[in-house]
Amino acid sequence: MSAGRSYPLLILSLSGLTAVLFFLSLALGPAGTGFSESLAALFSRDGGAIALIMQEIRLPRALLGLMTGMTLGLSGAVLQGFLRNPLAEPGLIGVSSTASLGAVLAIYTGLSAAVPLGLPLAALAGALIAVLAVQALAGSGGMLTVILAGVAVSSFSSAMTSLALNLSPNPFAALEIMFWMLGSLTDRSMTHVYLAAPFMVAGWIMLFATSRSLDALTLGRDVAASMGVDLQRVRRLAIFGTAFSVGAATAVAGAIGFVGLVVPHLLRPLTGAMPSRLLPASALGGACVILAADILVRFVAPGRDLKLGVLTAIVGAPFFLFLVYKSRKDFL
Amino acid sequence: MSAHGPLKISGLSVALGGMPVVRDLSLSVAPGDFIGLIGPNGAGKSTLLRTLAGLITPDQGDVHLGGASLADLRAEDRARHIAYVPQEHDIAWPIAVEALVSLGRGPHRSGFALSSRDHEIVAAAMQRMDVEKFAKRPATALSGGEKARVLIARALAQDTPVLLADEPAAGLDPAHQITLMRVFRSLANEGRSVIVSMHDLGLAARWCSRLVLMDRGQIVVKGPPDHVLTAEWLRTVYGITAEIGSVDGKMLVQPLDLANR
């Protein structure tokens, strides 16, 4: 295993792939303009139709795809490292489902229609409440208590989301809620980017700050603590970093599943399984997957508005089953 | 490795879940000591080691290392002075053996890359524990005894004046048990303090410079092996009879049967 030498190569190829997919995401769409023409329009100041499409529609979409993908891949890798469990994912600590609940309540109460950005703001608030609840419920306990608290918060917010659907005043609101929950990057604006970016960047900084502690945690809590790792600090960084970044991602893109679970799992063997090396690889891998999926939904069923979250689940679930099947002897 | 003074434990009491596990325990360990911590199950050996490693905050008493109280040390500073090997062989991810041993350099390095000195120390630790031939293999694919040796090599790479190990000899074949005892002995000869809990009385008698016999959270007797491992103490504390002799001037202890009390 030459993970040592091939690691820079892996990061380089993932960065390259991310860049290619980012530009493809900018260049491909129903308004079939040429590649160079599109890129030129991105920076043009003439306010023409192509410039408008590029600057107001495709750029925010590609940027959000990049940022959301990085968030999901990175937080999945951090949570798997922190909980020492290959099945951990951002949804596990309740952030995605409470962010969804916040968004659903915004749609249900009409806040999303009344206030610009009412929906993402409500979703962010949901994520932050979730993480405070998980942190309070888990107290100073270990990793299992974090998972249990996350499951409790998750189940409760799913129940509340169902209640909102159940009591929905009209079928359109229910439909809007359903569609929003499927996850999508369609029709987002630069305002969404500006809203999500600060939270995501803050979250990324916290998540990356755990990297060396996660390496030590490979040998268990006791050894990590004896090597000077402050376990409470790592937990705060992992949980709040996930809340900020995944909360913001869910707020602007809806709930997108399986990326945070599958991407770290897929890249782990290529990074020598060392958590600190997996973090950047997984962030880039997540960006590749979301960008690719978002390009795919434009072509698989053009005009039918296939949702991004649906596609990642349809592709992700069987793929994950395949991974489990392949590595089942390692699990036991 | 900086020079260090003795490890002084004074009046240490630890309760776990309301039960007193270590009670008013005092002990001084000098540089160069290789202490064998012996005693029946539940005597408080592991809890004592965990407390010394800073994993448990004692209810009473304190531990000083060369005059500085461990409670006042920051976690990273403590990690540069005390290394700890738990009983469980817990490895979450299939990282390569060499990468695992390198984790021991964590408390010493500031940047991300290992310095050439770090690499030397890691290589020496791997050689000492006879695990170089696994260097590139995933640590999770090793056998129990091999894992144990790799995890001890990790602690050696931490290069601390004090080394604590909880039953490190369990699960090793006789040759590697003896190798391990020789490594601990040579670490002590370098001026470090080594405290190791063990159940193999024969191994303890032959290799440790001093033994500490614990029972119900307290030290029953401490001193050179022939002072601690007497028929009398073995009967009262362990409830066993044993053949006690000597070969080539070194003690030999072989438990025989349960004692009639």
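Below you will find a few notes about this structure.

**Let's talk about the packing of helix H3 (residues 49-83) of chain A against helix H14 (residues 275-300) of chain A**
Residue and element names in this part refer to chain A.
- It is the contact of H3 with H14, at a shortest axis distance of 6 Å, that shows an interaxial angle of 140°. The angle between the axes of H3 and H14 places the two elements in the oblique class. Two packed elements cross with a definite hand, and for H3 against H14 that hand is right-handed. Where H3 abuts H14, its residues Arg61, Ala62, Gly65, Leu66, Gly69, Met70, Leu72, Gly73, Leu74, Ala77 and Val78 lie against Leu278, Leu279, Ser282, Ala283, Gly286, Ala287, Ile290, Leu291, Asp294, Val297 and Arg298.

**A few points about the interface of chain B and chain A**
- At the junction of the two partners, chain B supplies 31 residues and chain A supplies 24 residues.
- In total, about 2200 Å² of surface goes out of reach between chain B and chain A, with carbon and sulfur atoms giving 63% of it.
- For chain B, the biggest contributors to the area lost against chain A are Asp90(B), Trp93(B) and Leu103(B); these three give 32% of the whole.
- Taken together, the links from chain B to chain A amount to two salt bridges.
- Connecting chain B to chain A are five residue pairs in polar contact (both at pLDDT 80 or more).
- Among the secondary structure elements, those contributing two or more residues to the side of chain B that touches chain A are helix H2 (75-81), strand S6 (82-85), helix H3 (97-102) and helix H5 (144-157) of chain B.
- Ranked by the residues each element gives to the side of chain B that touches chain A, the list is headed by H2(B), at four residues.

**Topic: the pattern of salt bridges**
Residue and element names in this part refer to chain B.
- According to the stated counting rule, one finds 17 salt bridges over all chains in the structure shown.
- A salt bridge links Arg128 to Glu190; the nearest nitrogen and oxygen atoms lie 2.5 Å apart. A residue pair is termed long-range when its members are at least 10 positions apart, and Arg128 in helix H4 (residues 116-128) and Glu190 in the loop between helix H6 (174-189) and strand S8 (193-197) qualify at 62 residues.
- For Glu190, a relative accessible area of 37% gives the class partly exposed.

**Remarks on the packing of aromatic side chains**
- In the structure shown here, the tally under the stated rule is four aromatic pairs over all chains.
- Between Phe22(A) and Phe23(A), the ring centres sit 5.8 Å apart and the planes meet at 80°, which makes this aromatic pair edge-to-face.
- Of the residues examined, Phe23(A) reaches a relative accessible area of 35% and is grouped as partly exposed.
- With a centroid separation of 6.3 Å and an interplanar angle of 50°, the aromatic rings of Phe199(A) and Phe244(A) are classed as tilted. Here Phe199(A), found in helix H9 (residues 190-208), pairs with Phe244(A), found in helix H12 (residues 231-253); they are 45 residues apart in sequence, far enough to count as distant.
- For Phe199(A), a relative accessible area of 28% corresponds to the partly exposed category.
- The residue whose ring lies beneath Lys133(B) is Phe134(B), and the NZ or CZ to ring-centre distance is 5.4 Å.
- Taking the ring centre of Trp207(B) as reference, the NZ or CZ of Lys250(B) above it sits at 4.8 Å.

**Some thoughts on a nonpolar patch on the surface**
- Residues Phe156(A), Met160(A), Leu163(A) and Leu167(A) make up a contiguous nonpolar surface patch of about 380 Å² in total accessible area.
- By relative accessible area, Leu163(A) is classed as partly exposed at 40%.

Conventions used here
- Residues numbered from 1 in each chain as written.
- Chains lettered and ligands numbered in written order.
- Predicted model: local features only at pLDDT ≥ 70, side-chain atom pairs only at ≥ 80, totals over all residues.
- Heavy atoms only, no water.
- Axes fitted to C-alpha atoms, helices over the stretch in contact; angles between N-to-C directions.
- Helix = DSSP H or I, 4+ residues; strand = E, 2+ residues; numbered from the N terminus.
- Parallel < 35°, antiparallel > 145°, perpendicular 65-115°, else oblique.
- Left-handed = near helix turned anticlockwise from the far one by under 90°.
- Contact = heavy atoms within 4.5 Å.
- Buried area = accessible area lost by both parts, 1.4 Å probe.
- Salt bridge = Lys/Arg side-chain N within 4 Å of Asp/Glu carboxyl O.
- Polar contact = N/O pair within 3.5 Å; in protein donor to acceptor, adjacent residues only side chain to side chain.
- Buried < 20%, exposed > 50% of the residue type's maximum accessible area, 1.4 Å probe, protein only.
- Phe/Tyr/Trp six-rings, centres within 6.5 Å; stacked < 30°, edge-to-face > 60°.
- Lys NZ or Arg CZ within 6 Å of the ring centre and 35° of its normal.
- Patch = residues over 30% accessible without salt bridge, like charges linked within 9 Å, V, L, I, M, F, W, Y side chains within 5 Å.
- Areas by Shrake-Rupley, 256 points an atom, 1.4 Å probe, with all protein chains shown as cover.

Interpretation in functional terms is not warranted from these geometric data alone.
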